[in-house]
Amino acid sequence: MQIRAAEISDVIRDQIKEYEKQLEVRETGFVLSAGDGIARIYGLERVAAGELIEFPHGIYGIALNLEEDNVGAAIMG
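Residues numbered from 1 in each chain as written. Predicted model: local features only at pLDDT ≥ 70, side-chain atom pairs only at ≥ 80, totals over all residues. Heavy atoms only, no water.

J.: Quick rundown of the environment of Ile-75? Include the residues and the values.
T.: With respect to the element layout, Ile-75 can be found in strand E5 (residues 71–76). Ile-75 gets classed as partly exposed once you look at its relative accessible area, which sits at 27%. With 33 residues separating them along the chain, Ile-75 and Tyr-42 place their C-alpha atoms 15 Å apart. Sequence-distant contacts of Ile-75, that is, excluding residues within four places in its chain, are made with Gly-37, Ile-38, Ala-39, Phe-55, Ile-59, Tyr-60 and Gly-61. (Helix = DSSP H or I, 4+ residues; strand = E, 2+ residues; numbered from the N terminus. Buried < 20%, exposed > 50% of the residue type's maximum accessible area, 1.4 Å probe, protein only. Contact = heavy atoms within 4.5 Å.)

In C-alpha cells, the structure reads:
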C-alpha cells in the first residue's frame, strides 16, 4: 500500500488545527543583575539548560548557566 502526498498533507493540517498553544508557569524568580545581554536570576531552582524564560514586557531569554544560587540567561530581544 502506498500513501499519497495529499493524505499526508491532510493529516498534518488536521493536527495543526487541533494544536493548542499552552504556557506553563513553573517558578518565579528575581533578576539580580542584567547587562550585555545576560541576566542573572535568583529563585529558578527547577529550570533546565536551554529552557525558555519569560521576563516582564514580553522579553524572553534562554537559561544557559545553571549555578547553585542563580541562573544565567541570554536575553533575546
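J.: Tell me about a nonpolar patch on the surface, and name the residues and values.
T.: Side chains of Ile-3, Ile-8, Ile-12 and Ile-16 sit close together on the surface and give an oily, nonpolar patch of about 400 Å² of accessible area. Position of Ile-8 relative to the elements: it lies in helix H1 (residues 5–18). (Patch = residues over 30% accessible without salt bridge, like charges linked within 9 Å, V, L, I, M, F, W, Y side chains within 5 Å. Areas by Shrake-Rupley, 256 points an atom, 1.4 Å probe, with all protein chains shown as cover. Salt bridge = Lys/Arg side-chain N within 4 Å of Asp/Glu carboxyl O.)

J.: Explain unusual backbone geometry residue by residue, including any values.
T.: Located in the positive-phi region is Asp-36, a residue other than glycine, with phi close to 55 degrees. Inspection of the secondary structure puts Asp-36 in the loop between strand E1 (30–35) and strand E2 (38–42). Its identity is not glycine, yet His-57 carries a phi of approximately 65 degrees, on the positive side. Along the polypeptide, His-57 turns up in the loop between strand E3 (52–55) and strand E4 (59–66).

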